[in-house]
Amino acid sequence: MTRTWSRTSRVIAGAATALAVLTACGGGGDDTADKPNGPVTLTFWGWAKGSKDVVDAFNASHTDIQVKFEEIPSGTAGGYAKISNAVKAGNAPDLVSIEYSSLPEFVSSGALQDIGDQFTEADRAKLLPQSVELTTLGGKSWAVPFDAAPQAFFYRKDLFAQYKVQVPTTWDAFKKAAEQIRKADAKARIATFFPDDPTTFEAMAWQAGAQWFKAENDTWKVNTTDPATTKVTAYWQGLLDADLVHKDASFSPEWVGSLKNGTTVGYLGASWGAGVLKGNVPEMGGKWAVAPIPTWDGKPASGMLGGTSFAVTKDSGHKAAAVAFAEWMSTTEAGIKARIASGTSSAFPAAASLRPVAKQAFDASFYGGQDIYALFEASGASINPHWSWGPTTGTTNTAIKDRFGKIAPGGPGIADAVKGGHDATVAELTKRGLKVEG
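Not measured: the values here are computed from a predicted model.

### Section: the packing of helix α8 (residues 171-184) against helix α10 (residues 227-241)
Then step 1. Where α8 contacts α10, the axes come no closer than 11 Å and their chain directions differ by 5°. By the angle class used here, α8 and α10 are roughly parallel. On α10, the residues that touch Trp171, Phe174 and Lys175 of α8 are Tyr235, Trp236 and Leu239.
Then step 2. The class makeup of the residues in the contact of α8 with α10 is 5 nonpolar, no polar and 1 charged.

Structure follows, in structure tokens:
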């Protein structure tokens, strides 16, 4: 699998170079600023659970570097816009959280510094090769990978047992389970379609084998009408049309309320979702369990939903210190422990050697003592290696999100939203003067 990812990355890197997609040479970054009379003070923006706890632990154990942390909205909820605006205004923080899917766009806009001189081959060798590939663009290293985010299905094991519903292993079984749950309780649904979050849908397409973005020679090929995407689109439209899933904004009060009152009995998320769920409904310990994401043929398969990296902005004068802090968060036992022990994070580290540390630090009593990290390990190994991200993820996701919000019975549907995302992507790539097919 690693060889496949490497091959994909090389194709993208070569095409990106030919297309001048990755236009940034990297900000200057005066590393002499890392050696002032006194400790370096870094600014760091992010939203991942446990970030403040990690910063506090780092500050308590380091005198040469101190970090000021600002929590910002998640990327698609406004965080990326805030980062982009700060970069344009020249007042960006030193270090930012960026998901793998959005990294190419920030690189292509010249917002980040190449950190290859600080984040060495020896450093990268500690991390999941797939994550390293996702942060290597145009032959340069642009971010420190933190985690992988294989998909998972969280479910109310008490209600599944009460309703005599088997935990589904296939999408066909998932639909049947959805019908059983609604029949058992007219207000209950097996899961929620998030109209504000196209990334969850994209992970479903990824899992099914879709390839939305493909770079060949000097051309970006965009395809959202392939059989895999069409299958996923029709499936989820069918669930919505049959009123078998709720439609609420992700992590909204409505969604959390439905978890608490038992009208939502499942959550299609990723490894990090275990901490999110536990943090939102801590009083429901022992009632939830985790299962592999259903698949189309019953064989293990996963996409990646999110996944965080840490990148240094172009105008930071503290690149060496920022990378040192990012590596501490991602590749040290103390950094992983501080995040997981916060009780809000269930991150699946890109550093394979630290997964036992994460497992030990995570209090699994909420899930009845289940070994959720063993499940994430297996799910991570089944991530489809053929998906690639293009350089216009923000444009793609904004267009889909806008249209997802308008989905209504007898009105626009998921297929319309996906087509809107496709058209907006092609238009944006064309606007940038790139050759496009799609």
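After that view, the rundown keeps rolling.
### Overview of empty space enclosed by the protein
Then step 1. Under the counting rule described, the total for this entry stands at 3 cavities of 30 Å³ or more.
Then step 2. In this structure, the second largest cavity encloses a volume near 110 Å³.
Then step 3. Forming the walls of the second largest cavity are Thr192, Phe193, Phe194, Asp197, Thr200, Phe201, Met204, Trp236, Leu268 and Phe404.
Then step 4. Elements represented by at least two residues in the lining of the second largest cavity include exactly β9 (192-193) and α9 (198-208).

### Points about helix α11 (residues 253-260)
Then step 1. Listing the buried residues of α11 in full gives Trp255, Val256, Ser258 and Leu259. When α11 is viewed along its axis, its buried side chains cluster within an angular range of 160° and face the same direction. Opposite the packed face of α11, turned more than 90 degrees from it, sit the exposed residues Pro253 and Glu254.
Then step 2. Structurally, α11 contributes buried residues whose contacts are with β8 (151-156), β9, β13 (266-270), α12 (273-280) and β14 (288-291).
Then step 3. Following α11 by one or two positions, Gly262 has its phi on the positive side, about 80°.

### Notes on the packing of aromatic side chains
Then step 1. Applying the stated criterion to the full structure yields 40 aromatic pairs.
Then step 2. With a centroid separation of 6.2 Å and 65° between ring planes, the pair formed by Phe251 and Trp272 is classed as edge-to-face. Of the two residues, Phe251 is situated in the loop between β12 (246-247) and α11 and Trp272 in the loop between β13 and α12; the sequence distance between them amounts to 21 residues.
Then step 3. Note on Phe251: relative accessible area 34%, which makes it partly exposed.
Then step 4. The exposure class assigned to Trp272 is partly exposed, which follows from its relative accessible area of 25%.
Then step 5. One aromatic cluster in this structure is built from Phe154, Phe194, Phe251, Trp255, Tyr267, Trp272, Phe348, Phe362, Phe366, Tyr367, Tyr373 and Phe376.
Then step 6. The cationic tip of Arg339 hangs over the ring face of Phe146; the distance from NZ or CZ to the ring centre is 4.6 Å.

### As for α8
Structurally, the α-helix is built with 3.6 residues per turn, so residues lying three or four positions apart point the same way.
Then step 1. Here α8 is 14 residues long and its end C-alpha atoms lie 20 Å apart, about the 20 Å a rise of 1.5 Å per residue gives.
Then step 2. Those residues of α8 that fall on the buried side of the exposure criterion are Trp171, Phe174, Ala177, Ala178 and Ile181. Projection of α8 onto a plane perpendicular to its axis shows the buried side chains occupying an angular sector of 105°, all on one side. When the buried face of α8 is taken as reference, the exposed residues oriented beyond 90 degrees from it are Asp172, Lys176 and Lys183.
Then step 3. Structurally, α8 contributes buried residues whose contacts are with β8, α7 (157-162), α9, α10 and β13.

### Considering the pairing of β14
Then step 1. Taking every second residue as pointing to the same face, both faces of β14 are buried, with Trp288 and Val290 on one and Ala289 and Ala291 on the other.
Then step 2. In the sheet, β8 pairs with β14 via 4 bridges, with the strands oriented antiparallel. Looking across to β14, one finds that Phe153 is bridged to Ala291.

### With respect to the layout of surface pockets
Then step 1. In this structure, the largest pocket occupies an estimated 890 Å³ of space.
Then step 2. Trp47, Ser74, Phe251, Trp272 and Val276 are the residues nearest the centre of the largest pocket, which is lined by 42 residues in total.
Then step 3. Those elements that place two or more of their residues in the lining of the largest pocket are α2 (51-61), β2 (65-71), α9, β13 and α12.
Then step 4. It is α12 that provides the largest number of residues to the lining of the largest pocket, a total of 4 residues.
Then step 5. Taken together, the residues of the lining of the largest pocket sort by class into 15 nonpolar, 18 polar and 9 charged.

### Some points on the sheet that holds strand β15 (residues 308-312)
Then step 1. The 5 strands lie next to each other as β2-β1-β3-β15-β6, forming an open sheet whose pairing is mixed. Unpaired on one side and paired on the other, β2 and β6 (144-145) mark the two borders of the sheet.
Then step 2. Alignment of strand β1 (residues 40-46) against strand β3 (residues 95-99), held across 2 bridges, turns out to be parallel. Residue pairing across strands places Phe44 opposite Leu95, the latter belonging to β3.

About the criteria used
- Residues numbered from 1 in each chain as written.
- Predicted model: local features only at pLDDT ≥ 70, side-chain atom pairs only at ≥ 80, totals over all residues.
- Heavy atoms only, no water.
- Axes fitted to C-alpha atoms, helices over the stretch in contact; angles between N-to-C directions.
- Helix = DSSP H or I, 4+ residues; strand = E, 2+ residues; numbered from the N terminus.
- Parallel < 35°, antiparallel > 145°, perpendicular 65-115°, else oblique.
- Contact = heavy atoms within 4.5 Å.
- Nonpolar A, V, L, I, M, F, W, Y, C, P; charged D, E, K, R; others polar.
- 1 Å grid on protein atoms, 1.4 Å probe; cavity = no way out; pocket = protein on both sides within 12 Å on 5 of 7 lines; lining within 4 Å.
- Points joined across faces, edges and corners; volume = space filled by probe spheres on them.
- Buried < 20%, exposed > 50% of the residue type's maximum accessible area, 1.4 Å probe, protein only.
- Arc of directions from axis to C-beta.
- Phe/Tyr/Trp six-rings, centres within 6.5 Å; stacked < 30°, edge-to-face > 60°.
- Lys NZ or Arg CZ within 6 Å of the ring centre and 35° of its normal.
- Expected span 1.5 Å × (residues − 1).
- Pairing = 2+ DSSP bridges.

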